[in-house]
Amino acid sequence: MAASTSLSFFSSILFLLFSISIAATSFRPKSLLLPVTKHPSLQYITHIHQRTPLVPLKLTVDLGGQFMWVDCDRGYVSSTYKPARCRSAQCHLASKSTTCGECFSPPRPGCNNNTCGLFPSNTIIGLSTSGEVASDVVSVSSTNGFIPTRAVSVPNFLFVCGSTFLLDGLAGGVTGMAGFGRTGISLPSQFAAAFSFNRKFAVCLSGSTRSPGVIFSGNGPYNFLPNIDLTKSLTYTPLFINPVSTAGVSFAGDKSSEYFIGVKSIVINSKTVPLNTTLLKIDENGNGGTKISTVNPYTVLESSIYNAVVKTFTTELSKIPRVAAVAPFGVCYSSKSFSSTRLGAGVPSIDLILQNKKAIWRIFGANSMVSVNDDVLCLGFVDGGVEPRTAIVIGAHQIEDNLLEFDLASSRLGFSSTLLGRMTNCGNFNFTSSP
């Protein structure tokens, strides 16, 4: 009897994956395309269409987020909304938990009996709640790597219903968050299942609020104006799985959905920064290590690492007078003190040494310095305090105008370092041409 039940459940999982893979079109794209706009709030906003009839949504990008969540409290109307019923294949795909929810109000999107739930989180302000798992139609643009091509749909895209209060602190007009983390129901995982892609996606955040960057889901090429193909110009380093969840709320035994890499040391202007290297490793409790984030606008360093980086950096600039610091930064200079180069302010480079000396993520002035006003430039690293959960969080400013390819099947990160030296940037994808 147990074997029969197991076989039946396995069959239902296969049916779910097969139904996801049958998109509402016979056209099979090689890659999908999501525009990403830098908001003045320093959030990165993507645009998708969801529901029947389709409604445009603005969602804050959360690179390590577990799933897409959307406010279902206000104005969620769709003829194709389907709550995920308890013990269904959808619930199993979404979570290992067997928790079953009840709702004591009239049925509506986000409030149905006998449904499974997860914990949508506003990771900008660190706020979580519970929410119903559901599916609905999602439509996005496909691409050939050079220009947008046609729109494609996934009819049973799983997401989680959030509540209106979770929108506090999110950019104006945003109605949820788009999670790209290492889970079975993140955006890249569901897109890969829907269109038989490799489990791979690439992020290129624009440093400009006027020119959108891009997220590719699926295979390359990654081509930017003026006809610069970045597909084969990446350096690769392993991605590590933190065995302990770093989410605000999680189930026992959950692993982190965020993306960790192995930083071995930090070098500034060829000077090795003295660090407690124990902090650079993930311990048995999930503490330490280095992750990449789009919800942290700037790189956050554990206090002793921050102090060592600041000391080495300022020593290399000892002849340049500092000016009063501007929060949240601790080191600032007059912008007139530095020459302007194609790679940003002419300051010492900061190198993250990864698995060996051939794998170096080099940070130049455009990514290390922040212009807080016309007269002041500040070192764009923030003191994260003593004993933070993660020792180094590489923030969004440091990854702007860098192409990052997350290859989940091979568990590796491909990175370009700055594109500014290659006569292009992340705002140079050709969104304006038609197929």
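Look a little higher up for the structure.
Residues numbered from 1 in each chain as written. Predicted model: local features only at pLDDT ≥ 70, side-chain atom pairs only at ≥ 80, totals over all residues. Heavy atoms only, no water.

**Points about the overall build of the chain**
Each helix and strand in the chain was counted, giving six helices and 33 strands. Counting only C-alpha atoms and orienting by the principal axes, one finds that the chain spans roughly 75 × 50 × 40 Å. Of all 435 residues assigned to the chain, the portion counted as buried reaches 53%. Look at the contacts in the chain between residues 6 or more apart in sequence, and 70% of them connect residues 24 or more apart. When the accessible area of the chain is evaluated, it comes to approximately 18,500 Å², of which 56% is carbon and sulfur surface. (Helix = DSSP H or I, 4+ residues; strand = E, 2+ residues; numbered from the N terminus. Buried < 20%, exposed > 50% of the residue type's maximum accessible area, 1.4 Å probe, protein only. Contact = heavy atoms within 4.5 Å. Areas by Shrake-Rupley, 256 points an atom, 1.4 Å probe, with all protein chains shown as cover.)

**Things to note about the pattern of salt bridges**
Counting across every chain of the model gives eight salt bridges. Measuring nitrogen to oxygen at the nearest pair gives 3.7 Å for the salt bridge that ties D73 to R108. Placement of the pair is D73 in the loop between β4 (69–71) and β5 (82–83) and R108 in the loop between α2 (89–94) and β6 (117–118), with a sequence separation of 35 residues. Taking the shortest distance from any N to any O, the salt bridge between D407 and R412 comes out at 3.8 Å. On the basis of relative accessible area, R412 is assigned to the partly exposed category, the value being 31%. (Salt bridge = Lys/Arg side-chain N within 4 Å of Asp/Glu carboxyl O.)

**Here's the deal with the state of the cysteines**
Taken as a whole, this structure holds six disulfides when the rule is applied. Between C91 and C116 runs a disulfide, and the two sulfur atoms are separated by 1.9 Å. Where C91 bonds to C116 through sulfur, the torsion about that S-S bond is close to -90°, and the disulfide is left-handed. You can see C91 sitting in helix α2 and its partner C116 sitting in the loop between α2 and β6, a full 25 residues away along the chain. A relative accessible area of 5% places C91 in the buried class. The class of C116 is buried, set by a relative accessible area of 8%. A sulfur-sulfur separation of 2.0 Å characterises the disulfide bridge that pairs C204 with C426. Disulfide C204-C426: torsion about the S-S bond near -75°, hence left-handed. With C204 in strand β12 (residues 200–204) and C426 in the segment after β33 (412–418), the pair connects residues that are 222 residues apart, well separated along the chain. Looking at the chain, its bonded cysteines, counted consecutively from the start of the sequence, adopt the pairing 1-8, 2-4, 3-7, 5-6, 9-12, 10-11. (Disulfide = S-S within 2.5 Å.)

**Some remarks on the pairing of strand β16 (residues 235–240)**
Here β16 runs beside β33; their pairing, made up of four bridges, is antiparallel. Bridge assignment links P238 to a residue of β33, and that residue is R412. As judged from the two bridges shared by β16 and strand β17 (residues 259–261), these two strands associate in the antiparallel manner. Looking across to β17, one finds that F240 is bridged to F260. (Pairing = 2+ DSSP bridges.)

**Structural notes on helix α4 (residues 303–316)**
Between the first and last C-alpha of α4 there are 20 Å, a value that for 14 residues agrees with the 20 Å anticipated at 1.5 Å per step. Within α4, the full set of buried residues consists of S303, I305, Y306, A308, V309, V310, T312, F313 and T314. (Expected span 1.5 Å × (residues − 1).)

**Structural notes on the sheet that holds strand β28 (residues 369–371)**
The strand order β22-β23-β29-β28 describes an open sheet built from four strands, whose pairing is antiparallel. The open sheet is flanked by β22 (322–323) and β28, the only strands paired with a single partner.

**Quick look at the sheet that holds strand β26 (residues 350–353)**
Here four strands make up an open sheet; going across it, the order is β19-β18-β26-β27 and the pairing antiparallel. Because the sheet does not close on itself, it has two edges, and the strands there are β19 (271–272) and β27 (360–363). Relative to β19, strand β18 (residues 265–268) is paired through two bridges, and the arrangement is antiparallel. When the bridges of β19 are listed, V267 appears paired with T272. Seen against the sheet, α4 touches β18, β19 and β26 and runs at an angle of roughly 20° to β18. (Axes fitted to C-alpha atoms, helices over the stretch in contact; angles between N-to-C directions.)

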